[in-house]
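Close look at the chain arrangement
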Amino acid sequence: MAQAIDMSAIEQALNGFTIPPQPEILLHIQQQLDAPEPNIKRIATLINLDIGIAGFTLKVVNSAFFGLRQKITSVEHACKFLGVSRVLKLVRSVLIRFTLSDGKDDKFSLKLWATALQTGNTAMTLAKHFNFSQAIQDDCYSLGLFHNAGIALIQQQAANYEQLMQQGLVAQYGYSEIEEQHFHTCHEVLGYLIAESWGLTTELCNVIAYHHSPALILESDSLIERQLFALLKLAEHFTGESRQLFNLNLDPEWEQHNSTILEVLEIELLQLPELAELLHRQQINTIYKV
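This one's a predicted model, so the numbers in the text were calculated from it and none came from an experiment.

Let us now look at the overall build of the chain. When its secondary structure is counted, the chain shows 19 helices and zero strands. Relative to the compact-globule value of 19 Å for 290 residues, the chain shows a C-alpha radius of gyration of 18 Å, a close match. Here the C-alpha coordinates of the chain stretch approximately 50 × 45 × 40 Å along the principal axes. Counting over 290 residues, the chain shows a buried share of 56%. The contacts in the chain between residues at least 6 apart in sequence include a share of 69% that link residues at least 24 apart. For the chain, the accessible surface area stands at approximately 13800 Å², while carbon and sulfur atoms represent 49% of it. Distance between charge centroids for the chain: 13 Å, based on 19 positive and 32 negative side chains.

Spelled out as structure tokens, the structure:
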């Protein structure tokens, strides 16, 4: 596992920030899952309590990734098709977007969640292509939506966040260093705290905590953590996430660590254009061809 988070620094990191509690809907769904015989109809009813969440869930289920011949038109059908455990993971990821966006429609917030969704879809599709387990495939989607959740918290308190991060200092100092200097916290730690409080796995929480610390997470003794991190970084590279969010022409983390990242996935740099073609066939745009 990755190095444990320094809990003594958490109180300082949370100064002025409130971690959103796990929505009540998730707690009720989890109760159903923990029951001897989970009630799919009840779970579907809970999801349908919010038309936005239900609609977004169906949109994801009907995406090219699942390759369904017929569209799923109800949450109950989605639960039966995917299984309630997978639907719970999916709904949890969808809820992070709705909870933290809270009706915000400013340009950066829309861009933040659009890139998170794109990164999650890309990582999940790559995991499927590499024949990773179903659990890792599902976790990739959650990782895509949760890994930058801490940015949304910082932006709620600092309207100048986007402007500050676009000054060209990220390539020189890194994301966390700049955030620590100006906000006395970083989105890695805030994202970790959200993920932990929302019941994500230890491996996912650790990857979120160190997703801008490649040298640390790539030395983790957990193969799952290394694989999840590598899939996330490859997805970020394909989608040009740093360029979309902060106008970075080159992603410094990818440039410095791509050989180790690709080694974890047992692929070579020359294979990336071929993988890009695979993603395009799944209707996912990449930096190789838009």
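Once that is clear, we can look at the side chain of aspartate 138. For aspartate 138, the position within the fold is in helix α8 (residues 134-146). With a relative accessible area of 8%, aspartate 138 lands in the buried category. Contacts of aspartate 138, omitting those with residues within four sequence positions, involve Arg86 and Lys89.

Counting 99 residues, the largest nonpolar core has Ile29, Ile96, Phe130, Leu231, Leu234, Phe246 and Leu275 as its most contacted members. Excluding residues within four positions of it along the chain, isoleucine 96 makes contact with Trp113, Leu145, Phe146, Ala149, Ile194 and Trp198.

Of all eight residues making up helix α14 (residues 202-209), six are buried, and the element is well covered by its neighbours. Those residues of α14 lying buried are Leu204, Cys205, Asn206, Val207, Ile208 and Ala209. Turning to α14, the residues buried within the fold contact α8, α13 (187-197), α15 (214-217) and α16 (223-239).

Below, the discussion takes up unusual backbone geometry. One non-glycine residue with positive phi stands out, namely histidine 184, at about 60 degrees. Note on placement: histidine 184 falls in the loop between α12 (175-183) and α13. Within the chain, asparagine 247 stands out as a residue other than glycine whose phi angle is a positive 60 degrees. Position of asparagine 247 relative to the elements: it lies in the loop between α17 (241-246) and α18 (252-265). Taking relative accessible area as the criterion, asparagine 247 reaches 52% and is therefore assigned exposed.

For the coordinates displayed, the defined rule picks out nine aromatic pairs. With centroids separated by 6.0 Å and ring planes inclined at 85 degrees, the aromatic side chains of phenylalanine 56 and phenylalanine 98 adopt a geometry described as edge-to-face. Here phenylalanine 56 is found in helix α4 (residues 51-61), whereas its partner phenylalanine 98 is found in helix α6 (residues 84-101), with 42 residues between them in sequence. Phenylalanine 98 sits in the partly exposed class, given a relative accessible area of 27%. For the ring pair phenylalanine 238 and tyrosine 288, a centre distance of 5.6 Å and an interplane angle of 55 degrees mean the geometry is tilted. Of this pair, phenylalanine 238 sits in helix α16 while tyrosine 288 sits in the segment after α19 (272-281), placing them 50 residues apart in sequence. Assessed through its relative accessible area of 37%, tyrosine 288 is described here as partly exposed.

For α19, the set of buried residues is Leu272, Leu275, Ala276, Leu278, Leu279 and His280. Buried-residue contacts for α19 involve α7 (107-129), α16 and α18. Count one or two residues on from α19 and you reach glutamine 283, which has phi positive near 65 degrees.

Calculation rules
Residues numbered from 1 in each chain as written. Predicted model: local features only at pLDDT ≥ 70, side-chain atom pairs only at ≥ 80, totals over all residues. Heavy atoms only, no water. Helix = DSSP H or I, 4+ residues; strand = E, 2+ residues; numbered from the N terminus. Rg over C-alpha atoms; globule rule 2.2 N^0.38 Å. Buried < 20%, exposed > 50% of the residue type's maximum accessible area, 1.4 Å probe, protein only. Contact = heavy atoms within 4.5 Å. Areas by Shrake-Rupley, 256 points an atom, 1.4 Å probe, with all protein chains shown as cover. Lys, Arg positive; Asp, Glu negative; His and termini not counted. Charge placed at Lys NZ, Arg CZ, Asp CG, Glu CD. Core = buried A, V, L, I, M, F, W, Y, C linked by side-chain atoms within 4.5 Å. Phe/Tyr/Trp six-rings, centres within 6.5 Å; stacked < 30°, edge-to-face > 60°.

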